[in-house]
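# Secondary and tertiary structure notes
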Amino acid sequence: MLAITAVTTFLPFSSEKHAAGRLTTAFHALLAIAALLAAGMAQAEDGYDLWLRYRPLPDTQAALYRSHATQLVLPVATPTQQATRDELLRGLGGLLGQAPSVGSAVERDGAIVVGTPASSPVVARLKLDARALGHDGYLIRQTMVDGRSVTAIVGQSDVAAMYGAFHLLRLLQTARPIDHLDVREATRMSLRVLDHWDDLDGHVERGYAGNSIWDWQKLPDWLDPRYTDYARANASIGINGAVLNNVNANAAILTPLYLDKVQALAKVFRPYGIRVYLSVKFSAPIEIGGLKTADPLEPAVQRWWRAKADEIYARIPDFGGFLVKANSEGQPGPQDYGRTHADGANMLADALAPHGGIVMWRAFVYSQTNADDRAKQAYAEFKPLDGAFRTNVLLQVKNGPIDFQPREPFNPLFGAMPKTPLMMEFQVTKEYLGFATHLVYLGPLFEEVLRADTYGKGKGSTVAKVIDGELDGHKLTGIAGVANIGTDRDWTGSDFNQANWYAYGRLAWNPQLSSRDIAEEWVRATFSNDDGFVKRVVDMMMLSREAVVDYMTPLGLHHLMGKGHHYGPAPWDASGPRADWTPVYYHRADHEGIGFDRSSTGSNAVAQYAPPVADEFNDLKKIPDAYLLWFHHEPWSYRMRSGRALWDELVVHYTQGVDDVKQMRATWQALDGQIDADRYRKAAVFLGIQEKEAQWWRDASIAYFQSLNGLPLPAGYAPPQHTLSYYESLSFPFVPGHRP
Ligand code: GCW
């Protein structure tokens, strides 16, 4: 068993390209042994292989595919081409029990031909035109070469051909037919990035999967095989960028000591089409440059950044650029010098422009000295700057106006800044959605935001069309996901959290995809192709997002978690240091009612949306229940569409959330024995934790709100298991992902 894991996991293939030719023979032998050992026995799995498990397919299925994978015909001159060859050998060898031979000419029916017209004479002769598919797009087509049937995977770049190879492997892993393929895939999103909130000491801010996978201390010499597997996993879903360090940045990342380490990582990622980016601290010219100021209009500061950019590009010619959190939550920024966010972003953009680099400037700003509704502050700050940014600046906007809550309306900046490329920022790590253990599939959350209609240019102006450039004609487009990756063996703190990394990547490639289809793909590749199993697990995943909304923050409530560490409920918290970090600021509940009035009679945050959206959110008759308390403050007796009073409706939702988790647990229990025991058991135990914590959220929230309104629970609904003072007494000094 151990031997099998070692074969699939640790083969030094992808990290030793130069030796790959010699290794191929050894690899075939090992695969044959692995296949023999594997036949007929359930393998131990620890989640390390993610969705790239490549475990043997059932014989009949494998036999069907083998006739379409008799030979690999591809160039192996560049590291990307070699990585593509290695992945196909690994994948086909694992799935089919036998890896095809590799050559440069088609010698038999059923060959797989991979490459670009420039890299492969065989591909050039096929005259399949992939030019319309862009730099990253590819086509997969069944065709003929010299009278032999082949599957051609063609792109305009090596990386595109690699993406195509991963696509073919995905079809095999998910048991799809491959005999009449005619696939054309293109992406409109130029930057598909993971943001790591990793500190230089190994701590991951809001990380729940262990420490940072970047072992800065041992870099640049020791290149952990994980770096290559990380790159493979990302390339398999089209992610093409990684911001290595926390947006709460340490200026030291820009010193030569660290740039050498960054360079080493960039070299590992390059064959997989992944560029590195760095989060920079705006005050770096002072902290590591010896300057007296970081004023963006000061020539010495501008020179410093230009020299720094030159220094970086001398090491890393394809360096992506900078991500910046400025004048936000205590970070330095241009406003410290009376300058605007545009002044700051443009100064960095000018330093990067000669090298083709870009700036991702974050719009996540709000201030405790600003008395206005926090939800309105980013819009107020940035909307007037539309058109003021250089062409190599993207504004990175969180999906909602507050902060990655279980449900938020879309951020009003989407659709409101047509002259500026807006980059979506999603959070893949579950800071507010149950950390590592809660099973919450984020696909539906991402999809809900991407499909929301901003009405920025009339009906149909979805958030997806804003960020993919279609609406306003932007060529530079991007999407970022705050990574959930750490040193845990399963990478993400639970097997189901892998689905969120996967779904983020697939939607980054194509924001129009359905989260349900993505879940199905992931379940097939990760667990099993058994249709009954797949259906039940996908149903469970699709339920999970609404469940967490219900047991944590139903009906538009938000930001009710424990201060600082964000673990568990604390709706009672009114303590310092600032009001806009307290739950009471957000729910505004008292004896009479609950909710934040952001309507035209309140903070008027609704006015930041285009008129049809503003009207929907403003009007009690039109607003969906899901956003009610985000935009309205209503009495506890307010009559809901269901006919119930608001208080009763809240209790019903809290209870529904817990019941949903119970149902998810029961679903999983019924699947015992259908997958390997280790991954089954871990998910089963985690669902138990989730049920306990869902109950805790429900009960603590109900106990608190009941202490304000003094109302009875609706008939048949159980009272909280403990008193309010019990819930208030709980304290958690050592929660992961947060430094007290
Ligand atoms: O979500 C909040 C987090 C902070 C984070 C901040 C941000 C990196 O609680 O940990 O800091 O947002 O996005 O900048």
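Residues numbered from 1 in each chain as written. Predicted model: local features only at pLDDT ≥ 70, side-chain atom pairs only at ≥ 80, totals over all residues. Heavy atoms only, no water.

Moving on: the site of the ligand. As a matter of local geometry, the ligand sits amid 15 residues, with Glu-205, Lys-325, Lys-398, Asp-403 and Glu-431 nearest to it. With respect to the ligand, the side chain of Tyr-432 contributes an N or O atom lying 3.4 Å from an oxygen atom. When isolated, the ligand has an accessible area of 340 Å², and the protein chains bury 97% of it. A per-class count over the shell around the ligand returns 4 nonpolar, 3 polar and 8 charged. (Near = heavy atom within 4 Å. Polar contact = N/O pair within 3.5 Å; in protein donor to acceptor, adjacent residues only side chain to side chain. Areas by Shrake-Rupley, 256 points an atom, 1.4 Å probe, with all protein chains shown as cover. Nonpolar A, V, L, I, M, F, W, Y, C, P; charged D, E, K, R; others polar.)

Core analysis: the biggest nonpolar cluster contains 222 residues, and Phe-269, Trp-305, Trp-361, Trp-501 and Trp-668 have the highest contact counts within it. The contact partners of Phe-269, leaving out residues within four places of it in the chain, are Trp-214, Tyr-227, Tyr-230, Ala-231, Leu-244, Ile-274 and Val-276. Counting residues in hydrophobic clusters, the runner-up holds 15 residues, among them Val-123, Ala-130, Leu-133 and Ala-152. (Core = buried A, V, L, I, M, F, W, Y, C linked by side-chain atoms within 4.5 Å. Buried < 20%, exposed > 50% of the residue type's maximum accessible area, 1.4 Å probe, protein only. Contact = heavy atoms within 4.5 Å.)

Evaluated as defined, the whole model comprises 52 salt bridges. One salt bridge connects Glu-448 with Arg-545, and the closest N-O pair in it is separated by 2.9 Å. Pair noted here: Glu-448 is in helix α13 (residues 443-451) and Arg-545 is in helix α17 (residues 531-552), with a separation of 97 residues, a long-range link. Using a relative accessible area of 25% as the deciding quantity, one classes Glu-448 as partly exposed. Relative accessible area serves as the criterion here: at 3%, Arg-545 is assigned to the buried category. Overlapping salt bridges, with partners in common, bring together Glu-45, Asp-49, Arg-53, Arg-55, Asp-676 and Arg-679 in one network. (Salt bridge = Lys/Arg side-chain N within 4 Å of Asp/Glu carboxyl O. Helix = DSSP H or I, 4+ residues; strand = E, 2+ residues; numbered from the N terminus.)

This next bit is on the packing of helix α7 (residues 225-237) against helix α15 (residues 498-509). Where α7 contacts α15, the two axes come as close as 8 Å, and the packing angle between them is 45 degrees. When the axes of α7 and α15 are compared, the pair comes out oblique. Taking contact as the criterion, the partners of Tyr-230, Ala-233, Asn-234 and Ile-237 in α7 are, on α15, Trp-501, Tyr-502, Gly-505, Arg-506 and Trp-509. Across the contact of α7 with α15, the residue classes tally to 6 nonpolar, 2 polar and 1 charged. (Axes fitted to C-alpha atoms, helices over the stretch in contact; angles between N-to-C directions. Parallel < 35°, antiparallel > 145°, perpendicular 65-115°, else oblique.)

So, on to the sheet that holds strand β9 (residues 275-279). Strand order around the closed barrel formed by 8 strands is β7-β8-β9-β10-β11-β12-β13-β14, with parallel pairing between neighbours. In this sheet, neighbouring strand axes are inclined to one another by 25 degrees on average, regardless of whether the strands run parallel or antiparallel. (Pairing = 2+ DSSP bridges.)

Bringing the side chain of Thr-582 into the picture now. Relative to the elements of secondary structure, Thr-582 occurs in the loop between α17 and α18 (583-587). Residue classification places Thr-582 among the buried residues on the basis of a relative accessible area of 3%. One polar contact links the side chain of Thr-582 to the main-chain carbonyl oxygen of Ala-579, over a distance of 2.6 Å. Once residues lying within four places of it in the same chain are set aside, the contact partners of Thr-582 are Lys-563, Asp-573, Ala-574 and Ser-575.

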